Amino acid sequence: MATPLEKALDTMVLTFHQYSEKEGDQFKLNNKELKLLLTEQLPGFISKKRDESAFQKIMNNLDCNKDNQVDFQEYATFLACIAMACNDFFHSFPDKTPRQK
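Residues numbered from 1 in each chain as written. Predicted model: local features only at pLDDT ≥ 70, side-chain atom pairs only at ≥ 80, totals over all residues. Heavy atoms only, no water.

Asker: Just give me the short version of the environment of Asn30, but keep the residues and values in it.
Answerer: By the element assignment, Asn30 lies in the loop between β1 (28–29) and α2 (31–41). For Asn30 and Tyr19, which are 11 residues apart along the polypeptide, the C-alpha to C-alpha distance reads 9.3 Å. With residues up to four places along the chain from it excluded, the contact list for Asn30 reads Glu23, Met59, Asn68 and Gln69. For Asn30, the side chain forms a polar contact with the side chain of Glu23, separated by 2.9 Å. (Helix = DSSP H or I, 4+ residues; strand = E, 2+ residues; numbered from the N terminus. Contact = heavy atoms within 4.5 Å. Polar contact = N/O pair within 3.5 Å; in protein donor to acceptor, adjacent residues only side chain to side chain.)

Asker: So, the side chain of Asn30: which residues are in play, and what are the values?
Answerer: With a relative accessible area of 15%, Asn30 lands in the buried category. Within polar-contact distance, the side chain of Asn30 engages the backbone nitrogen of Glu33 at 2.8 Å. (Buried < 20%, exposed > 50% of the residue type's maximum accessible area, 1.4 Å probe, protein only.)

Asker: Give me the lowdown on the nonpolar core, citing residues and values where you can.
Answerer: Residues Leu29, Leu34, Leu37, Leu38, Val70, Tyr75 and Phe78 are the most contacted members of the largest nonpolar core, which totals 14 residues. Where this core is concerned, the elements lending two or more residues are α1 (4–20), α2, α3 (52–62) and α4 (72–92). Dropping the residues within four chain positions of it, Val70 is found in contact with Phe16, Lys28, Leu29, Leu34, Met59, Leu62 and Tyr75. (Core = buried A, V, L, I, M, F, W, Y, C linked by side-chain atoms within 4.5 Å.)

Asker: An account of the packing of aromatic side chains is requested, with residue identities and associated values reported.
Answerer: Between two aromatic rings, the relevant description is the distance of the centres plus the angle of the planes. Scanning the entire structure with this criterion turns up three aromatic pairs. Look at Phe16 and Phe72: their rings are 5.2 Å apart centre to centre, the planes differ by 90°, and that puts the pair in the edge-to-face class. One end of the pair, Phe16, is in helix α1; the other, Phe72, is in helix α4, and 56 residues separate them in sequence. Phe16 sits in the buried class, given a relative accessible area of 0%. With a centroid separation of 5.6 Å and an interplanar angle of 50°, the aromatic rings of Phe72 and Tyr75 are classed as tilted. With Phe72 and Tyr75 both in helix α4, this residue pair falls three residues apart, about one helical turn. Its relative accessible area of 27% is what places Phe72 among the partly exposed residues. (Phe/Tyr/Trp six-rings, centres within 6.5 Å; stacked < 30°, edge-to-face > 60°.)

Asker: Describe the packing of α1 against α2, naming the residues involved and giving the relevant values.
Answerer: It is at 9 Å that the axes of α1 and α2 come closest, and there the two elements cross at 130°. Judged by the inter-axis angle, α1 sits oblique to α2. The handedness of the crossing between α1 and α2 is right-handed. Across the interface between the two elements, Thr15, Phe16, Tyr19 and Ser20 from α1 touch Glu33, Leu36, Leu37, Glu40 and Gln41 from α2. (Axes fitted to C-alpha atoms, helices over the stretch in contact; angles between N-to-C directions. Parallel < 35°, antiparallel > 145°, perpendicular 65-115°, else oblique. Left-handed = near helix turned anticlockwise from the far one by under 90°.)

Asker: Which residues make up α3, and what values go with them?
Answerer: Buried residues of α3: Phe55, Met59 and Leu62, and no others. Viewed along the axis of α3, the buried residues span an arc of 70°, placing them on a single side of the element. Exposed residues pointing more than 90 degrees away from the buried face of α3 are listed as Ser53, Lys57 and Asn61. (Arc of directions from axis to C-beta.)

Asker: Summarise the side chain of Asp71; cite the residues concerned and give the values.
Answerer: Along the chain, Asp71 turns up in strand β2 (residues 70–71). No salt bridge is formed by the buried Asp71; the nearest opposite charge belongs to Lys28, separated by 5.5 Å. One polar contact links the side chain of Asp71 to the main-chain amide nitrogen of Gln73, over a distance of 3.2 Å. (Lys, Arg positive; Asp, Glu negative; His and termini not counted. Salt bridge = Lys/Arg side-chain N within 4 Å of Asp/Glu carboxyl O.)

See below:
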C-alpha cells in the first residue's frame, strides 16, 4: 500500500501528464494546458478574476528556459514553491497548522 507521500507524488506526476497530453508536446504544458490545469486543479491559488494577463505572468515566471512551454521540472518547481508558501503560512499561524488525526 502506498504511503500518503507516495500518493501525493503519483498525483503530481499524473496530473502533469493528464494536461500535457492534451495537445502539442506531450511532455510540456503550453499556455492553454497550463491555464486549464491551474483553473481546474488549483482554483484556490488563482484569483477570481482569472484574466489573461495573470495567466501570462504565471507562464512567464514558470517558463525558465523561455520556450513558451512549462516542462515537468518547471512544473515541479512551481509546486514546491506553493508548498513552501503554504508551510510558511501555517508556520506563521500555529493555530491553523493541519493536525494529524
